[in-house]
Amino acid sequence: MTAKTPESASWGELRASHADREAVVEQLREAAGEGRIDLAELEDRLERALTAKTFADLAPLTADLPQAGPTADPGEALVLKGGIHGVSRTGRWEVPVHITAHGGMGGVRLDFTRTECRLPEVEVEAYGEMAGVTVVIPEGWAANCDGVATGLGALRDETTPERLPDTPLIRLTGAVGMAGVVVRHPNARERRQLKRERAK
């Protein structure tokens, strides 16, 4: 639980929900079953988890344990080349720990809005080249663009700094090239489409 929220609201001061408490309880039980903590310690931590009021109360209970849930398999790096016609990765797809995107003449679009990514961080090595690279991330995910080199094109980071707990950080590296690199949240049309899909 190392994610950050805006400076105006301390993450630790946010109120924990029933689901947040239950997630910690489940992680503690799994840790006890694996022999990471003994039964006395489990009982103490469970009591504190069930009575926790904020994320600051919950965080110390699992700080010395592996991340909850199955370990994400980073798999092989994903390489996308825009070529002449362009390429996109949308819908539900397995997110590796490293992605390289070459805009080429047709461009590359990476859409993370329908993925279920449990990785704490994903590196997107983006090269804008002639047609550019666009990265779309869900609301609540954050991006860091410090590793992108400048060029003729522009780097446009249109994301908000808010990052929800247990969401990945998208770390962009590479170079903007001629056409540039864009990272943003869904636009109004895309948000409407996502809302319709979730209502089905």
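Rules used in this analysis
Residues numbered from 1 in each chain as written. Predicted model: local features only at pLDDT ≥ 70, side-chain atom pairs only at ≥ 80, totals over all residues. Heavy atoms only, no water. Pairing = 2+ DSSP bridges. Helix = DSSP H or I, 4+ residues; strand = E, 2+ residues; numbered from the N terminus. Axes fitted to C-alpha atoms, helices over the stretch in contact; angles between N-to-C directions. 1 Å grid on protein atoms, 1.4 Å probe; cavity = no way out; pocket = protein on both sides within 12 Å on 5 of 7 lines; lining within 4 Å. Points joined across faces, edges and corners; volume = space filled by probe spheres on them. Nonpolar A, V, L, I, M, F, W, Y, C, P; charged D, E, K, R; others polar. Patch = residues over 30% accessible without salt bridge, like charges linked within 9 Å, V, L, I, M, F, W, Y side chains within 5 Å. Areas by Shrake-Rupley, 256 points an atom, 1.4 Å probe, with all protein chains shown as cover. Salt bridge = Lys/Arg side-chain N within 4 Å of Asp/Glu carboxyl O. Polar contact = N/O pair within 3.5 Å; in protein donor to acceptor, adjacent residues only side chain to side chain. Contact = heavy atoms within 4.5 Å. Core = buried A, V, L, I, M, F, W, Y, C linked by side-chain atoms within 4.5 Å. Buried < 20%, exposed > 50% of the residue type's maximum accessible area, 1.4 Å probe, protein only.

*Asks:* Where do I start with the sheet that holds strand β7 (residues 142-149) in this structure?
*Replies:* Strand-to-strand pairing in sheets goes through backbone hydrogen bonds, with the strands running parallel or antiparallel. Taken in spatial order, the 5 strands of this open sheet run β1-β3-β5-β9-β7, and their pairing is parallel. With partners counted over all chains shown, the strands left at the sheet margins are β1 (78-81) and β7, one partner each. Across the sheet, the axes of successive neighbouring strands diverge by a mean angle of 15°, strand direction being ignored. In the sheet, strand β3 (residues 98-102) pairs with strand β5 (residues 121-127) via 5 bridges, with the strands oriented parallel. Each residue of the ladder has a partner; that of I99, found in β5, is V124.

*Asks:* Sorry, what's going on with the layout of surface pockets here?
*Replies:* Within this model, the second largest pocket holds a volume of roughly 420 Å³. Lining of the second largest pocket is provided by 19 residues; of these, T113, R114, P138, L194 and R198 occupy positions nearest its centre. Looking at the lining of the second largest pocket residue by residue, the class counts come to 7 nonpolar, 3 polar and 9 charged.

*Asks:* When you look at a nonpolar patch on the surface in this model, what are you seeing that I'm missing?
*Replies:* Together, I84, M105, M130, L152 and M178 line one region of the surface with nonpolar side chains, adding up to about 640 Å² of accessible area. Structurally, M130 is set in the loop between β5 and β6 (133-136).

*Asks:* How should I be thinking about unusual backbone geometry in this particular structure?
*Replies:* With glycine set apart, most residues show a phi of negative sign, and most peptide bonds adopt trans. Even without being a glycine, E129 presents a positive backbone phi close to 50°. Of note, E129 is situated in the loop between β5 and β6. With a phi close to 60°, D166 is a non-glycine residue in the positive phi region. The topology assignment puts D166 in the loop between β8 (155-157) and β9 (169-175).

*Asks:* Just to check I follow, could you spell out the side chain of H185 for this structure?
*Replies:* With respect to the helices and strands, the residue H185 is situated in the loop between β10 (181-184) and α4 (188-199). For H185, the side chain forms a polar contact with the main-chain nitrogen of T160, separated by 3.1 Å. Residues contacting H185, with those up to four places away along its chain left out, are V136, I137, P138, E139, G140, W141, E158, T159, T160 and E190.

*Asks:* What is the right way to read the nonpolar core from this model?
*Replies:* In summary, soluble globular proteins display a tendency toward joint burial of nonpolar side chains. Counting 26 residues, the largest nonpolar core has L110, F112 and V124 as its most contacted members. For this core, the secondary structure elements donating two or more residues are β1, β3, β4 (108-111), β5, β6, β7, β9 and β10. Excluding residues that lie within four positions of it along the chain, F112 makes contacts with W93, V95, I99, V124, V135, V136, I137, P138, W141 and I170. Grouped together as the second largest cluster of nonpolar side chains are 14 residues, V24, V25, A31 and L46 included.

*Asks:* How should the pattern of salt bridges be read in this particular structure?
*Replies:* This model, assessed by the stated rule, comprises 12 salt bridges. As a salt-bridge pair, D44 and R48 come within 3.4 Å of each other at their nearest N and O atoms. Residue D44 and its partner R48 are located together in helix α2 (residues 39-50), separated by 4 residues, close to a single helical turn. Look at R48 and you get partly exposed, because its relative accessible area is 41%. Note that E197 and R114 form a salt bridge whose closest N and O atoms lie 2.8 Å from each other. In this pair, E197 sits in helix α4 while R114 sits in the loop between β4 and β5, placing the two residues 83 residues apart along the sequence. Taken together, the salt bridges that share partners define one network made up of R109, D111, R114, R184, E190 and E197.

*Asks:* Explanation requested: the environment of T54 in the structure shown.
*Replies:* Along the chain, T54 falls in the loop between α2 and α3 (55-62). Measuring from C-alpha to C-alpha, the distance between T54 and R15 comes to 4.3 Å, with 39 residues separating the pair along the chain.

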